[in-house]
Amino acid sequence: MEQQLKQLEQEALAKLAAASNLKELNDVRVAYLGKKGPITDLLKGMGKLSPEERPKMGALVNTVRENVTAQLEARAAVLEAQAIQEQLEKESIDVTLPGRKIRQGNRHPLTRVVEEIEDLFVSMGYQIAEGTEVEKDYYNFEALNLPKGHPARDMQDTFYITEETLLRTHTSPVQARTMEAKKGEPIRIISPGKVFRRDNDDATHSHQFMQIEGLVVGENIRMSDLKGTLDALAKKMFGAEREIRLRPSFFPFTEPSVEVDVSCHKCGGSGCNVCKQTGWIEILGAGMVHPNVLEMAGYDSKKVSGFAFGIGAERIAMLKYGVDDIRHFYTNDNRFLSQFHRTEE
Ligand code: PHE
């Protein structure tokens, strides 16, 4: 029996040493020290021994049990430490690794132009009006003194949705809509937005682009008011030294009508490739609101007058930032757009 006991002890100690994790260790404990284990069996079998042998064997079994228990605890401590170490390594963070860069967005160049122009006009007491991109033929053309069949309609062919609805060709319908809504009250608005034309896309044309419409209606509104306002606009967008020049033009909804040029911001007026050697760059169309347009919207053209202008947002952005192809604004190419990072004034 003593022999058996020694062998059990050797076996248990060998398995303890071999246990590679806490679970295996526990299995060994149950197998050798548990209630159904061989050591317990041996203790139970003590009754068969002679009274002289009993205390001797009892002491021996106890020593073996204590020894195995002590080894088990020592091994458990080692395996526990090992488990904690593994856990820590798994969860460790290298605080010296460089962080992931958060990419900062920026405003689209067209948005910037629109917002700068909005800021200027809001500071002069204008309100910002909104129009719809899908527009009625009536507001896009008729109410602007362009009846059906008017030859000037050909200059602005567009995408028709029905006979009477279309994608607006300019932001000018906002003029007619605002006048109709204000019912004879004075008006001072600007209205930015998308417009559409049946154009073939190239470096300077796009079937969709942006305009910013301006409209002022009230008593004693004169051409000189228009000129002063556009002068402020040119200086704000292209620099304090800029000057403007008005050239006669034609729009059915303004009379007189003008094209407005700004002195070239690149050469200052002496002539260069940007201004095609003329010293001047065309930036917008404008004029005094045609009496017919005022009357159709319910204003008394004998008592009130007004001026209106339409700015091409892309054109301003191209000139201001030196962009050579209008399509850059729409392709969402980050190589282009990211150039406008951190250049905010
Ligand atoms: N709507 C005109 C265009 O798109 C521009 C314009 C607006 C002209 C307001 C005069 C007054 O060409």
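Residues numbered from 1 in each chain as written. Predicted model: local features only at pLDDT ≥ 70, side-chain atom pairs only at ≥ 80, totals over all residues. Heavy atoms only, no water.

Some details on the layout of surface pockets
Using the following cut-off: Lining residues are those with an atom within 4 Å of a point, where the points come from a 1 Å grid over the protein atoms alone and group into cavities, where a 1.4 Å probe fits but cannot get out, or pockets, open sets with protein on both sides within 12 Å along at least five of seven lines. Grid points are joined across faces, edges and corners, and a volume is the space filled by probe spheres set on the points. Secondary structure counts use DSSP, requiring at least four H or I residues in a row for a helix and at least two E residues in a row for a strand, with both numbered from the N terminus. In this classification, the charged set is Asp, Glu, Lys and Arg, the nonpolar set is Ala, Val, Leu, Ile, Met, Phe, Trp, Tyr, Cys and Pro, and all remaining amino acids, among them Gly, are polar.
Considering only enclosed or pocket space, the largest pocket measures out at about 1400 Å³ in volume. Taken together, 48 residues make up the lining of the largest pocket; nearest its centre are Thr-204, Glu-282, Ile-283, Gly-312 and Arg-315. Looking at the lining of the largest pocket, the elements with two or more residues in it are strand 5 (208-218), strand 6 (244-251), strand 7 (254-263), strand 8 (280-289), strand 9 (305-312) and helix 10 (313-321). In terms of residue count, the dominant contributor to the lining of the largest pocket is strand 8 (seven residues). Of the residues contributing to the lining of the largest pocket, the split by class is 19 nonpolar, 16 polar and 13 charged.

Details of the UniProt feature "domain: Aminoacyl-transfer RNA synthetases class-II family profile" (unreviewed entry) in the protein chain
This is how the line gets drawn: UniProt positions are given in the numbering used here, feature names are shortened, and annotations may be inferred rather than shown by experiment.
Mapped onto this numbering, the UniProt entry annotates "domain: Aminoacyl-transfer RNA synthetases class-II family profile" (unreviewed entry) at residues 111-319. The distance from the first to the last C-alpha atom of residues 111-319 is 15 Å, and the span holds 27% helix and 31% strand.

A look at the site of the ligand
Definition in use: Note on definitions. A residue lies near a molecule or strand when any single heavy atom of the residue is within 4 Å of it. In protein, a polar contact means a hydrogen-donor-capable atom and an acceptor-capable atom, both N or O and within 3.5 Å, with residues adjacent in sequence counting only if both atoms are side-chain atoms; elsewhere, any N or O pair within 3.5 Å suffices. Per-residue and other accessible areas follow the Shrake-Rupley method at a 1.4 Å probe size, with only the shown protein chains counted as cover for residues. Molecule-in-pocket calls rest on the fraction of atoms, with more than half required to lie within 2 Å of the cavity or pocket grid points.
Close to the ligand lie 15 residues; His-170, Ser-172, Arg-197, Gln-211 and Gly-310 are nearest. Between the ligand and the protein, one listed contact pairs a nitrogen atom with a side-chain N or O atom of Ser-172 at 2.9 Å. In isolation the ligand exposes 320 Å². Once the protein is present, 92% of that is buried. If you map the ligand onto the pockets, it falls in the largest pocket. Of all the secondary structure elements, the ones that give two or more residues to the shell around the ligand are strand 5, strand 8 and strand 9. The dominant element in the shell around the ligand, judged by the number of residues it contributes, is strand 9, at three residues. Split into classes, the residues belonging to the shell around the ligand amount to five nonpolar, eight polar and two charged.

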